[in-house]
Amino acid sequence: MQEQMKQILELFSQPAFFARDGIVCWRNGAARSLLEEGAALSAVLEGGETLFSQWDRAGTLMLPLTIDGKAYDASVRAAEDGALFVANRCEAESEASASALFSASVSLRKPLHALVSAADALFENLGEAAGAKEAAARLNQSIYQFIRLCNQMADGSELLLHRKTLRRAPTDIGAFFDAFLQEAEPLVSSTGRALEYVPLDAPVSADVDAELLQRALYNLLANALSYTPKGGAVRLSARKEDDLLLITLSDSGSGIPRELLSSLFDRFNRQEVGDSRRGIGLGLSITREIARLHDGTLTVASGENGGAAVTFSLSLKRTPLPLRSSGIVLPPPRFHQGLVELSEVLDAKLYDPNEVP
C-alpha cells in the first residue's frame, strides 16, 4: 500500500487495516491496539469468510467484523494486491429505544383495527362518484403501509432485542423460492421492472423459519426496487457454498451512495435506502438479524458503475428442532404479504378494495 495512503489513514479515528493473502499486514494507529500484524483475516470476519471470498473486488463491500471481541461494520475496497478495511464500531443496542418502539407498536394496534373496520364499511358502500375508486385504492394502500410500519416496529424491536425465537422446520429451498416468486413476480412486473431468478443447480434442504426468511427477502426486494428505474431488472439468485446457502439480490440501479455505505446497518437510520419516506430505518438491520438467527450474515456490495448486490447467508447445518404441541392453528393472515411488504413501491391501483381485502 502506498505510503501516502498510509499517512492519510493514520489520521482516521476508525480502525483501518490492509490485508493480503488472508493476513493483516498493516494497520493504522486506531487498529494497532486491536489487531496484531500477521493476524489471520479469518479471525475477524465473523463467519463472513465465504461471503468475502465471493466478492468480485469491484466497488465497495460492507460486511461485519469482530475485532477484539467487539462488533464492527467494515467498508472494504480492493487495493493493489490486497484489500483495505475501514471499520466502524457498531453502536451498543439501545434497549430503551427498541422497547419504546415495541410499546408504540402495541398502542397502534387499536387505531389500526379501527381504521380497517371503518375502511371496510366505507368500501362496502362505495358509490360511483368520480374519483371514488382511485381514492379508495389510495386509502387501502395507506392501510397496507400502516400495517407494514407496525410490523416493522413490533417484529423489528423483538429481533433487535434478541427476543425473537425461530420456528425452524425442514424446508425444500427450491420449493420455497418457487412459492415466493409466484407471489412476488407479478407485483414487481406491475412496477415496470423485471424480477429475474437464477435457481439452485441442485436440490437443497435447510432448517429455516420460512416466515422470517420471506420477510427478509421482501425487505431486500423493496430496497432493490427503490433503486431500480423503470425498465430495469432485479436479480435474485441462490447458490450453495460449503455449509452455507447464499441468497443474493442485486439491482441495476444507480447503486448505494458512497456517503451512506458506512451507515447502512445503523438502526433507526431513515436514509438506509436513499429515501426518507420509507419505513423507520430498520429494514437492513432486521434482515441481518434474521440472517444471524440462521447462523449467517449479510453483506452489501456496491459496484463501480452502479448497481448494488446484497447477499444473505444462512447455515445448512442441521439443527435440533423444538418440539411443538398441537396448539391452536391460527387462520392465514387476511392481508396479502407481498402487498404489505412492497406497499411503498407499488402503484396504488393494485390496492383497489374491489380486488384485494
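See the structure shown above.
These remarks concern the structure in this document. Since the structure is predicted, the reported quantities are computational estimates derived from the model, not experimental observations.

Cut-offs and rules
- Residues numbered from 1 in each chain as written.
- Predicted model: local features only at pLDDT ≥ 70, side-chain atom pairs only at ≥ 80, totals over all residues.
- Heavy atoms only, no water.
- Patch = residues over 30% accessible without salt bridge, like charges linked within 9 Å, V, L, I, M, F, W, Y side chains within 5 Å.
- Areas by Shrake-Rupley, 256 points an atom, 1.4 Å probe, with all protein chains shown as cover.
- Salt bridge = Lys/Arg side-chain N within 4 Å of Asp/Glu carboxyl O.
- Helix = DSSP H or I, 4+ residues; strand = E, 2+ residues; numbered from the N terminus.
- Buried < 20%, exposed > 50% of the residue type's maximum accessible area, 1.4 Å probe, protein only.
- Contact = heavy atoms within 4.5 Å.
- Core = buried A, V, L, I, M, F, W, Y, C linked by side-chain atoms within 4.5 Å.
- Axes fitted to C-alpha atoms, helices over the stretch in contact; angles between N-to-C directions.
- Left-handed = near helix turned anticlockwise from the far one by under 90°.
- Nonpolar A, V, L, I, M, F, W, Y, C, P; charged D, E, K, R; others polar.
- Phe/Tyr/Trp six-rings, centres within 6.5 Å; stacked < 30°, edge-to-face > 60°.
- Lys NZ or Arg CZ within 6 Å of the ring centre and 35° of its normal.
- Pairing = 2+ DSSP bridges.

1. A few points about a nonpolar patch on the surface
Line of reasoning, step 1. Taken together, the side chains of Met5, Ile8, Leu11 and Phe12 present a nonpolar region at the surface, about 380 Å² in accessible area.
Line of reasoning, step 2. Tracing the backbone through its elements, the reader meets Ile8 in helix α1 (residues 3-9).
Line of reasoning, step 3. Given the relative accessible area of 40%, Ile8 is considered partly exposed.

2. Quick notes on the side chain of Thr248
Line of reasoning, step 1. Here Thr248 shows up in strand β10 (residues 244-251).
Line of reasoning, step 2. Classification of Thr248 as buried rests on a relative accessible area of 11%.
Line of reasoning, step 3. Each residue touching Thr248, except ones within four places of it in the same chain, is listed here: Arg235, Leu236, Ser237, Arg239, Ala309, Val310 and Thr311.

3. As for the nonpolar core
Line of reasoning, step 1. Grouped together as the largest cluster of nonpolar side chains are 59 residues, with contacts concentrated most on Leu221, Leu236, Ile247, Phe312 and Leu314.
Line of reasoning, step 2. Top contributing element to this core by residue count: helix α7 (residues 210-227), with ten residues.
Line of reasoning, step 3. Non-local contacts of Leu221, meaning those with residues more than four positions away in its chain, are made with Phe180, Ala184, Val188, Leu195, Val234, Leu249 and Leu342.
Line of reasoning, step 4. One finds Ala19, Ala39, Trp55 and Tyr72 within the second-largest nonpolar core, a separate group that totals 21 residues.

4. Focus: the packing of α7 against helix α9 (residues 283-293)
Line of reasoning, step 1. Orientation of α7 relative to α9, taken along the N-to-C sense of each, is 145°, at an axis distance of 9 Å. Note on packing geometry: the crossing formed by α7 with α9 is left-handed. Contacts between α7 and α9 involve Leu212, Arg215, Ala216, Asn219, Leu220 and Asn223 from the former and Gly283, Leu284, Ile286, Thr287 and Ile290 from the latter.
Line of reasoning, step 2. Among the residues making up the contact of α7 with α9, the classes are represented as six nonpolar, four polar and one charged.

5. Things to note about α9
Line of reasoning, step 1. A large share of α9 lies buried, amounting to ten of its eleven residues.
Line of reasoning, step 2. Every buried residue of α9 is listed here: Gly283, Leu284, Ser285, Ile286, Thr287, Arg288, Glu289, Ile290, Ala291 and Leu293.
Line of reasoning, step 3. Asp295 lies just past α9 and shows a positive phi near 60°.

6. A short note on the packing of aromatic side chains
Line of reasoning, step 1. Applying the stated criterion to the full structure yields seven aromatic pairs.
Line of reasoning, step 2. An aromatic cluster is defined as three or more aromatic residues linked by ring pairs; in this entry it consists of Phe17, Phe52, Trp55 and Phe85.
Line of reasoning, step 3. Here the guanidinium or amino end of Arg89 rests over the ring plane of Tyr72, the centre of that ring lying 5.9 Å away.

7. Brief notes about the sheet that holds strand β11 (residues 298-302)
Line of reasoning, step 1. Pairing is mixed in the open sheet, where ten strands are placed in the order β2-β1-β5-β4-β3-β11-β12-β10-β9-β7. The two strands at the open ends of the sheet, each matched to only one other strand, are β2 (23-27) and β7 (194-198). Each strand axis lies, on average, 25° off the axis of its neighbour in the sheet, ignoring direction.
Line of reasoning, step 2. Sheet topology places strand β9 (residues 233-241) next to β10; eight bridges connect them, and they run antiparallel. Within β10, the residue paired with Val234 across the bridge is Asp251.

8. Looking at the environment of Ala233
Line of reasoning, step 1. Relative to the helices and strands, Ala233 resides in strand β9.
Line of reasoning, step 2. If near-sequence neighbours (up to four positions away) are discounted, Ala233 is found in contact with Ala194, Glu196, Thr228, Ser250, Asp251 and Ser252.

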